[in-house]
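As a plain string of letters, each chain reads:
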Amino acid sequence: MAATNYLCHYAPLLSPSPTLSNSKILCKKKKNTTAFEEKKSVFVDYDAGQHKVTTHVTGLRKADLQKRYRLKVEGDRFQKDWSLSQVVDKILELDPKYDEVEGLLNHWVGRFARKNFPRLIKELTQRGSLEHSNRVFSWMKHQKNYCARNDIYNMMIRLHARHNRTDQARGLFFEMQEWRCKPDAETYNALINAHGRAGQWRWAMNIMEDMLREAIPPSRSTYNNLINACGSTGNWREALKICQKMTENGVGPDLVTHNIILSAYKSGGQHLKALSYYELMKGTNIRPDTTTLNIVIYCLVKLGQYEKAIDIFSSMRERRAECHPDIVTFTSIIHLYSVSGQIENCKAVFNIMLAEGLKPNIVSYNALIGAYASHGMSEEAFSIFNEIKSSGFRPDVVSYTSLLSSYGRSKQPIKARKVFNMMKRDKLKPNVVSYNALIDAYGSNGFLAEAVEVLREMEQDSVHPNTVSICTLLAACGRCGQKANVDAVLSAAKMRGIKFNTVAYNSAIGSYMNLGEYEKAVALYKSMRKKKVTTDSVTYTVLISGCCKMSKYDEALEFYADMMDMKIPLTREAYSSVICAYSKQGQIKEAESIFNMMKTAGCYPDVITYTMMLHAYNAAEYWEKAYNLLQEMEEHNIQPDTIACSALMRAFNKGGKPKQVLILADFMKEKEIPFSDAIFFEMVSACSLLCDWRRTIDLAKLMEPSFSVVSIGLLNQLLHLLGKSGKIESMMKLFYKITKSGAEINLNTHSILLKNLLAVGNWRKYVEVLEWMIDAGIEPSNQMYHDVFSYAQKSVGAEYAAIIQERVGMHILISLSREFY
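Residues numbered from 1 in each chain as written. Predicted model: local features only at pLDDT ≥ 70, side-chain atom pairs only at ≥ 80, totals over all residues. Heavy atoms only, no water.

As recorded in an unreviewed UniProt entry, the chain goes by the name Pentacotripeptide-repeat region of PRORP domain-containing protein, listed as coming from Manihot esculenta. One UniProt comment on the chain, placed under Sequence similarities (unreviewed entry), says "Belongs to the PPR family. P subfamily." (UniProt positions renumbered as here; feature names shortened; annotations may be inferred.)

To continue, consider the overall build of the chain. When you go through the chain residue by residue, the secondary structure sums to 46 helices and two strands. The globule rule puts the C-alpha radius of gyration for 821 residues at 28 Å, and the 43 Å found for the chain is more than 25% above it. Principal axes of the C-alpha set define a box for the chain whose edges measure 175 × 60 × 60 Å. Out of the 821 residues belonging to the chain, those deemed buried represent 45%. Considering only residue pairs separated by 6 or more positions, the chain has 60% of its internal contacts joining residues 24 or more positions apart. Surface accessibility of the chain: about 43900 Å² in total, with carbon and sulfur atoms responsible for 51%. When the 103 positive and 85 negative side-chain charges of the chain are each reduced to one mean point, those points stand 10 Å apart. (Helix = DSSP H or I, 4+ residues; strand = E, 2+ residues; numbered from the N terminus. Rg over C-alpha atoms; globule rule 2.2 N^0.38 Å. Buried < 20%, exposed > 50% of the residue type's maximum accessible area, 1.4 Å probe, protein only. Contact = heavy atoms within 4.5 Å. Areas by Shrake-Rupley, 256 points an atom, 1.4 Å probe, with all protein chains shown as cover. Lys, Arg positive; Asp, Glu negative; His and termini not counted. Charge placed at Lys NZ, Arg CZ, Asp CG, Glu CD.)

Residues of the chain with pLDDT of at least 70 account for 91%, and the chain-wide mean is 81. Across residues 812-821, where pLDDT falls below 50, the model places 10 contacts with residues more than four positions away in sequence or in other chains. (pLDDT = per-residue confidence, 0-100.)

Now for the packing of aromatic side chains. Per the counting criterion, the structure on display carries 24 aromatic pairs. For the pair Tyr-146 and Trp-179, a centre-to-centre distance of 5.5 Å together with 80 degrees between the ring planes defines the contact as edge-to-face. Within this pair, whereas Tyr-146 is found in the loop between helix H8 (130-140) and helix H9 (150-162), its partner Trp-179 is found in the loop between helix H10 (166-178) and helix H11 (185-197), the two being separated by 33 residues in sequence. Under the relative-accessibility criterion, Tyr-146 is labelled buried at 9%. Ring geometry for Phe-350 versus Tyr-365: centroids 5.4 Å apart, planes at 55 degrees, classification tilted. On the criterion of sequence distance, the pair formed by Phe-350 in helix H20 (residues 343-355) and Tyr-365 in helix H21 (residues 362-374) is long-range, its members being 15 residues apart. In this structure Phe-350 comes out as buried when scored by relative accessible area, which is 0%. Relative accessible area serves as the criterion here: at 4%, Tyr-365 is assigned to the buried category. Feature note: the residues Phe-173, Phe-174 and Tyr-188 constitute an aromatic cluster, connected by ring pairs. Lying across the ring of Trp-203, Arg-170 places its NZ or CZ 4.1 Å from the centre. Seen from the ring of Tyr-298, Lys-266 lies directly overhead, with NZ or CZ sitting 4.5 Å from the centre. (Phe/Tyr/Trp six-rings, centres within 6.5 Å; stacked < 30°, edge-to-face > 60°. Lys NZ or Arg CZ within 6 Å of the ring centre and 35° of its normal.)

Helix-helix packing is described using two parameters, namely the angle between the two axes and the distance between the axes. Two elements in contact, helix H41 (residues 712-724) and helix H42 (residues 728-741), have axes separated by 8 Å at closest approach and are oriented at 160 degrees. Between H41 and H42, the angle falls in the class roughly antiparallel. In terms of crossing hand, the pair formed by H41 and H42 is left-handed. Mapping the contact onto sequence places Leu-715, Leu-718, Leu-719, Leu-722 and Gly-723 in H41 and Ile-728, Ser-730, Met-731, Leu-734, Phe-735 and Ile-738 in H42. Among the residues making up the contact of H41 with H42, the classes are represented as nine nonpolar, two polar and no charged. (Axes fitted to C-alpha atoms, helices over the stretch in contact; angles between N-to-C directions. Parallel < 35°, antiparallel > 145°, perpendicular 65-115°, else oblique. Left-handed = near helix turned anticlockwise from the far one by under 90°. Nonpolar A, V, L, I, M, F, W, Y, C, P; charged D, E, K, R; others polar.)

Think of it this way: side chains of opposite charge can pair up when their charged atoms draw near. Tallied over the entire structure, the rule returns 21 salt bridges. Taking the shortest distance from any N to any O, the salt bridge between Arg-127 and Asp-89 comes out at 3.1 Å. Residue Arg-127 is located in helix H7 (residues 116-127), and its partner Asp-89 is located in helix H5 (residues 84-93); the two are separated by 38 residues in the primary sequence. For Asp-89, a relative accessible area of 35% translates into the label partly exposed. Close ionic contact of Arg-119 with Glu-123 constitutes a salt bridge, the shortest N to O distance being 3.2 Å. Within this pair, Arg-119 and its partner Glu-123 are both found in helix H7, separated by four residues, close to a single helical turn. Overall, Arg-119 belongs to the buried group, its relative accessible area being 11%. Through salt bridges with shared partners, a single network forms among Arg-417, Lys-424, Glu-457 and Asp-461. (Salt bridge = Lys/Arg side-chain N within 4 Å of Asp/Glu carboxyl O.)

Dropping the structure here:
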């Protein structure tokens, strides 16, 4: 035995080096080099069209433990030799508030291997469960073999950052120093990221200064996190300064940096600057990715450059494209088509997204519901809402609010209320947007009392009204014609401390203008100027158009002068109102000047503006200029409406071109532009000027379906025209049709018939019409009796005169006796 010990003791001296190496391998336990390698497994369900990829990590098992730990758990049936991934799955199945997470971990054999701890935390933090990670981390610190490590603390700080737990992340930062773990660059990056997510960019900058004082050089990730901290709050100027400092310190920006800068411009509302930065970025060697193009598409949509956004989207969908569209891209395009009014394309893009194998998220569904809601398509919005549920998603507040809004816009406030109540039943708390949508649903449909009640309910639920709430109520008051309620709403806003911005003032001024309260509207405008609240084009448009509706044309032009002094660009409606004001004042040259200014300013006239100019030229009897306007409208593919056509017809008739009236009428038939009384009147006048009796008969047939709604004066004119042309049979047929339609026939109608009948000598029909009048309770005039009696004496002889006297009877005698006495 002693010899054996001696040989073992001097073995290094007696044996050569190869034998020494082999003896060491035999004495030591082999290391498990594959314990923390990730092994992926794939499950595919071809019937359901689903697949699932899982990652399995074994970790150090029982066979890898030291002998003393193996012996300790060898005979204990409660000690389980689970793999690391199995432990993670079992932990996540437990409820951290009630279940014993520590008890489960105390039955895991792998707890005796210190190297399992970092990987365990990594697996849990990657799953994103904060409560489970905190319980496991707390248990871990109480283990005898635990050793505090930077990577564990870094992972926990990043997890708290993801959950916006800034204070807890900062607490971990100080705790790790108490455990004698010196923070490294990764620690500071995680802490900067935590404050950046919370919008605390000044804190983030202070942390970086602490990092520099500790002589830890910031990495590119550090700068990116700091830039993101500034950019996420819209502080794009500070983000640019840090980017410049980053370049000066020799750390060049990468694609992530550029994307963060673009995102900062986007958050700060600097969409033009974002596009300019993107153009500069294309000049570098850094190629944009899908995130870059998504930001660019968003900015283009905000600027109304829809064609460019569609071009980028189409290029991304090409087969050889490097950046393929993702869920965010398709959602942005759905929103693009929604704001541009192409609602059918929204569903088409959504179907393309499904066809390309992308699974829509709740944001995509909400974008589609919002598109339908903005156009009042409640049935389609409800269909998508149900589709959200069938797809396994839970509708959120945005989903319910969009559906509620769709019912409000489709004039179904009761259903909107049901959706609101359903939201509460599903344990979702309505936000201020939800309440505003319900207020609008009631207010826009005339239920002002219910809208005010929603405002009270809103305050009871501790949701504070904002300027949108007040604006919505003011608009409702204006629509309902409630003067007193406008004052009450303004008073309520003042009591609640709601400061009016430009939109709120515009809404209040518009409500007063709609109610004819000119003085109160002007008083609000003066208050707006006194409080230095910015006046915009909407403010002056409301004032100018309101003044024109109240025939206050001088005041309208005064507001226009103020608008010009402040160099505020005019809207199309403002241009039209100013043209109307000048034309009503007889200042045609000024109206024409504004019309030309409008075109040079790039705000091309619409059909309403052209109609204003047509009325102006008609009033000034500038017929040729009115004709030229029609040609200009045709050149710019602007189809005239009923009002514009009536103004043009009036110009043609008064300008001696009645043929053009009938040509324009044919154009209206082709384009299915509805005919009005004014249109029919001008057509009748044109037929009279042209003596076109055949066209007159055709016009009567065209007007026949509208006899019950057309004015009797117009029908009388048509009867007179047919009678004047000698078409007595056509005149009488038209009269029968008018009578059958239920139109209110008056004394003038019968007078036209009688004059034209007597003009052709048809005294028998004359007497018959007189009898119709008497039967209908319409008393013929003395002149009507006198005319037929005189005609009988002069033209038909004594024999027929006696017959006429007998037919008319006592009515003629009474009439003559009245005339005699």
